[in-house]
Structures are given as structure tokens and as C-alpha cells.
Amino acid sequence: MRRGIVVLMVVVGFVLQATAFFFLAAPLGTPTAVRFSEPRLPFAPLLFIVGIMLVFSAALVYELLPDRGADEG
Amino acid sequence: MVTRNVTLPQQAGRSPSGWYATIAVLVALIALGIYAYSRELSEGMAVTGMRNIGPMGGATWGLYITFVVYFVGLSFAGISTAAVIRLARIDRLRPISRMAELLTVITLALAGLAILADLGQPLRGIVNLFRYARPQSPFFGTFTLVISGYLFASLVYLYLDGRRDAWLSEQTAERHLGFYRLWAAGYRDTPAERERHDRATFWLAIAIVPLLVTAHSTLGFVFGLQVGRPGWFSALQAPAFVILAGVSGLGMLAIIAAAVRRWLHREEELTVAIFRWLSTALTILLLTYLYLVVVELLTNLYTGSSRERDVMSELLFGEYAWIYWGAVGTFVIALVLLLVRAALPSLRSAVWPVVAVGGLVNLGAIGKRYLIVVPSQTKGTLLPYDEGSYTPAWTEFALIIGLIALGVLAYLLFTRYFPIVELPRPATSEEKEAR
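For clarity, every value in this text was computed on a predicted model and none was experimentally measured.

**Observations concerning the overall build of chain A**
Part 1: On a plain count of helices and strands, chain A comes out with two helices and zero strands.
Part 2: With respect to the three principal axes, the spread of C-alpha positions in chain A is 60 × 15 × 15 Å.
Part 3: Burial statistics for chain A: of 73 residues in total, 30% are counted as buried.
Part 4: If you take every contact in chain A between residues at least 6 apart in sequence, the share linking residues at least 24 apart comes to 64%.

**Focus on the overall build of chain B**
Part 1: Of the regular secondary structure elements, chain B holds 16 helices and zero strands.
Part 2: Taken over the C-alpha trace, chain B has a radius of gyration of 23 Å; the compact-globule value for 435 residues is 22 Å, and the two agree within 12%.
Part 3: Overall, chain B is about 80 × 55 × 45 Å in size when its C-alpha atoms are taken along their principal axes.
Part 4: A buried classification covers 49% of the 435 residues belonging to chain B.
Part 5: For chain B, the proportion of contacts with a sequence separation of at least 24, taken over those separated by at least 6, is 79%.

**Overview of helix α1 (residues 2–24) of chain A**
Residues and elements named next belong to chain A.
Part 1: Between its terminal C-alpha atoms α1 stretches 30 Å, which fits the 33 Å expected from 23 residues at 1.5 Å a residue.
Part 2: Within the sequence span of α1, burial applies to V6, V10, L16, Q17 and A20.
Part 3: Contacts from the buried residues of α1 go to α2 (44–64).

**Overview of the packing of α1 of chain A against α2 of chain A**
Residues and elements named next belong to chain A.
Part 1: Between α1 and α2, whose axes approach to 8 Å, the crossing angle comes to 165°. The angle between the axes of α1 and α2 places the two elements in the roughly antiparallel class. Seen along the crossing, α1 lies across α2 with a hand that is left-handed.

**Examining the interface of chain B and chain A**
Quoted interface sizes are often the accessible area lost when the parts come together.
Part 1: Contacts between chain B and chain A engage 23 residues on the former and 24 residues on the latter.
Part 2: For the side of chain B that touches chain A, the secondary-structure elements that each account for two or more residues are α4 (122–132), α5 (138–172) and α7 (191–224) of chain B.
Part 3: Among the elements that make up the side of chain B that touches chain A, the one with the highest residue count is α5 of chain B (eight residues).
Part 4: A class-by-class count of the residues in the side of chain B that touches chain A yields 14 nonpolar, six polar and three charged.

**A look at unusual backbone geometry**
Part 1: Of note, the phi angle at A185 of chain B is positive, near 45°, even though the residue is not glycine.
Part 2: A185 of chain B sits in the partly exposed class, given 14 other C-beta atoms within 10 Å.

**Notes on the nonpolar core**
Part 1: Counting residues in each nonpolar core, the largest one holds 135 residues, and the members touching the most others are A114 and L253 of chain B.
Part 2: L168, Y180, Y187 and L423 of chain B belong to the second-largest nonpolar core, a separate cluster that totals seven residues.

**Looking at α2 of chain A**
Part 1: Taking 1.5 Å of rise per residue, 21 residues should cover 30 Å, and α2 of chain A covers 30 Å from first to last C-alpha, within 8% of that figure.
Part 2: When the local axis directions of α2 of chain A are compared, the greatest deviation, roughly 25°, occurs at F56 of chain A.

**As for the environment of G186 of chain B**
Residues and elements named next belong to chain B.
Part 1: Within the fold, G186 resides in the loop between α6 (177–184) and α7.
Part 2: Judged by the 12 C-beta atoms lying within 10 Å of it, G186 falls in the exposed class.
Part 3: Considering only alpha carbons, one finds G186 and R163, 23 residues apart in sequence, at a separation of 9.0 Å.

**Describing the confidence of the model for chain B**
Residues and elements named next belong to chain B.
Part 1: Across chain B, pLDDT averages 86, with 93% of residues at or above 70.
Part 2: Overall, residues 1–8 carries pLDDT values under 50, and its contacts beyond four positions in sequence, including any with other chains, amount to 23 contacts.
Part 3: The ipTM, which scores confidence in the relative placement of chains, is 0.86 for this predicted complex, and the corresponding pTM is 0.90.

**Side note on the packing of α2 of chain A against α7 of chain B**
Part 1: The interhelical angle for the contact between α2 of chain A and α7 of chain B, taken along N-to-C directions, is 175°, at an axis separation of 9 Å. Taken as axis vectors, α2 of chain A and α7 of chain B run roughly antiparallel relative to one another. Here V55, F56, A59, Y62 and E63 of chain A of α2 of chain A lie close against α7 of chain B, whose contacting residues are R196, H197, A200, L204 and A207 of chain B.
Part 2: Residues that form the contact of α2 of chain A with α7 of chain B fall into these classes: seven nonpolar, one polar and two charged.

**Some remarks on the environment of Y324 of chain B**
Residue and element names in this part refer to chain B.
Part 1: Along the polypeptide, Y324 turns up in helix α11 (residues 321–343).
Part 2: For Y324, a count of 21 C-beta atoms within 10 Å puts it in the buried group.
Part 3: Residues Y324 and G367 lie 43 residues apart in sequence; the distance between their C-alpha atoms is 7.0 Å.
Part 4: Beyond its immediate chain neighbours, meaning those up to four positions away, Y324 contacts L315, L316 and L371.

The rules behind the values
Residues numbered from 1 in each chain as written. Chains lettered and ligands numbered in written order. Predicted model: local features only at pLDDT ≥ 70, side-chain atom pairs only at ≥ 80, totals over all residues. Helix = DSSP H or I, 4+ residues; strand = E, 2+ residues; numbered from the N terminus. Buried ≥ 20, exposed ≤ 12 C-beta atoms within 10 Å, placed from the backbone. Contact = placed C-beta atoms within 7 Å. Rg over C-alpha atoms; globule rule 2.2 N^0.38 Å. Expected span 1.5 Å × (residues − 1). Axes fitted to C-alpha atoms, helices over the stretch in contact; angles between N-to-C directions. Parallel < 35°, antiparallel > 145°, perpendicular 65-115°, else oblique. Left-handed = near helix turned anticlockwise from the far one by under 90°. Nonpolar A, V, L, I, M, F, W, Y, C, P; charged D, E, K, R; others polar. Core = buried A, V, L, I, M, F, W, Y, C linked by C-beta atoms within 7 Å. Bend = angle between axes of the 7 residues up to and from the residue. pLDDT = per-residue confidence, 0-100.

And the structure:
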């Protein structure tokens, strides 16, 4: 259960980072128009940061979330 | 069951002589910084020495950004040392691990505050950064990835690494039990918890290393990728940033370790071997950095454009020469001191040369950071403007002094309420019986 949540957090964190970086933020490429300066979704940069924080929060969950059975040993 | 045979926490709850006087001085300096910032908020950036580049003949980045770069540099050695200790399992360096982690957290927070000070409209700056910034931009990498991602990761690392000591402190301390209990968060030091903790911090350390290299390189890229700014545009900026960050950070770590060793009487844990390791690491990094300085100097003087050579000549012989040669001088003296320490048997077990080196390289690092930030703005314009100038105003000095005082205060308070050197694990009753 705990491991599942941790893996999910890491995966979602990286997916969020990649999605924000490649698809939601300002387009990649040679800036030839104003759209290259604007994110496609407002606050996309914040989503990128949230993705990073989610990955590192997984360590907190891994250590703090009780895992019955495993801990009793 | 755990025996209570460890004096915990180190000096916690005690007020050494001069404690309150030190706190009062630090609080007064912080108040001065707050007053300076209040002037800046009410009067605008005109109360600083910063002016627009070009028509107003000034620099838009000054002392604040100099110290942003310096603080972020200090943070590098902190968490990288902690990560290396964990990943390479260098157990004899573990006593400096928490000092390094705390150094990272505090200096990153100071860097964030220095950025806020540099923004004329801090609230607008923060909101718009998260709203419009380009994650592909070095600015984003530096001012958000570093401050939010890297700081968050370091806080998680510091928190998890301190849980066992919080639990140990809770067992023996008479005061602040709620604080220790909250930090320990149910930790009981069972074999399963220890194994889980080792696994978590191992992977955390692995995840932090690429993040910190990326973060520090992007700080170099903020300057190094600016093709239209002579003095900044260089492929060496990123590696030089990382190396100088290591130099200044390890130097600061040596100073902190020596202070803890002396004032908290941790001679047993903070052995001479630790300072020997620090001096060896500093020697290697200093040699590498001086090599990069020479390479950059030769490249710019031999093949640089005329504007590039102008900026370089200002550094070598002009207005900024005293800072340049002063900084290079401190690095050379520090290197000589390290080599003499290594060569003379009578000095090999001395701690003071490493502390002196720490002070020298940090002075030099501040000078070099200033030279990276300012001269290219005042002397490196490609457009036909007159040469500019920049002199920091008292508000800038006061704010930076206030920030440094805040950092020192935070470090002192942490040290007073939490073991700054990792506590030895007390023997369990089973282990005692086994003996």
C-alpha cells in the first residue's frame, strides 16, 4: 500500500514535470512569435514545481506512512 | 528498550556565556535590514544604488544578486557533502552531515529573500514568475527550481535525517518535548524503520545530486548564455560557478565545523581527519577553479572581441582591479596555506589553517561574484552608451547585513535546540546482553 502510493507520487510528479515542461508552458523552438513567450496554460510553471515537490514528498510518505506488517517485524 | 546513556541534546536548553548578547546584536542587525527594506518598499528602488543599464549608466543587478549567487553557491557544498557522505558511505564524515544540510537550507532561504529584495514589486514578481515563466529558461531554473525545488528537497532531507535524533532527544530531554515529538513523528528506531530510513535517504540523495548540478549550472547559464553581454558570454561560466560554489561552501562548512568543535566541545566527533578531508577537497577545487580563471583570462585576452577585452582590462587594471586581484590573491594565499599545511607535519593536525582558508575563500568568492554580476553591466554594453558605474547604497549593505544576521541567528537557534552533530545510537538492551 505504502510502496504503491510512493511509486504513484513519483510517477505523477515526473509526468507533471514533463507535461508542464513540454506541453503546457511556452512552446519550445525558435521564438518567431509572441506565443513563444506565453504559457499555453497559465501557471504551467507552477505545475512543474509542484511535480518536483511531489517527487521529493514521496520520500516523506515512504518514511512517515505506517505500513502494518512490514513495520512489526 | 533503549538505555538513557547519552547526554542529549548537545548544549540544548543551555545559554552559554554571551548567548543573549549575541542574539541581541543579531536581532538589531536584522531590524536594520528590515528598516532598509521598508525604505525600499516605500520609496522604490531609487534608494538603492541600482540604475538602468545604458541611458542611466548604471547596473540593474547589484549587491543583492551578488549575494543571491553567493548564497546559492554556499548551499551547493552543503547538500552535496551530505549526499556524498550518504551515497559513498563515508561514515567518518557523518558528524558534519547535518551542519552541511542546515547550511544548504538556510543559505537557500537567504538567496530567496535576497531575490525578493531585488524585486521592486515582490508580490507581482512571485505571482508572475509562477504564472508566466518559461521552464526552459535559465532564469526559471535558477530562481524557482533552486529556491522551491532544491530548497524543498533539502528540507525533506534535513527533516528525515533528523528524525532519529529527535526521537533520541525526546527520550532524555526535559524541555521542548513537543518539538522533538513532532519532529520524530512516531519514529522508534526499530530495525525496520532504520532500514526504511536508509533506503529513503539513499534514493533522496541520488535524486538531489542531479537537481543540484542542474540548479547550479543554470545559475551559470543565466550569465553565460547572454551573447550580447561581453564578460558574461562564456562556456566556462557554468562549470566555474559549480566549482567556486564548492570552494566557498566547503570553506564555510570548515568554519562552522571548527566553531561547533570549539564552542560545543565536539572534539571527539569532529576529528582532525574531517578537517583533513575538507582541506584536501578544498585544495582540489581551488586548483581547478584557478585553472578555469587562467583559461578564461587567456581566451578573452587572446581572442576576445574588443568589448570583451575592454571588460577584461577593467577587471585587470581598471576600476575593479582591486576586487579582482584581491579575490585572486585570497585564493592563491588559501591554496598556499593548504599546501603548507599538507607539507608540514606540525600543521597537519591543526584546525586553524583550514578555518583561515575557509574565511579567505569566502571573501574571495564574494568578490568574484560581484565581478561576475556588475562590470559587464557598467562596462560591457555593446550599444553606444557611455560607461556606467554602480556603487551600492547603504540600504543594500544594511539589507545584506540583515540577511546574514538572520542566517546566523537561524543557525544558532537550530544548534541550541537540536543536535547539530548526529547523535550516536544508544545500545539496546539486546545489544548490551549480547556483549
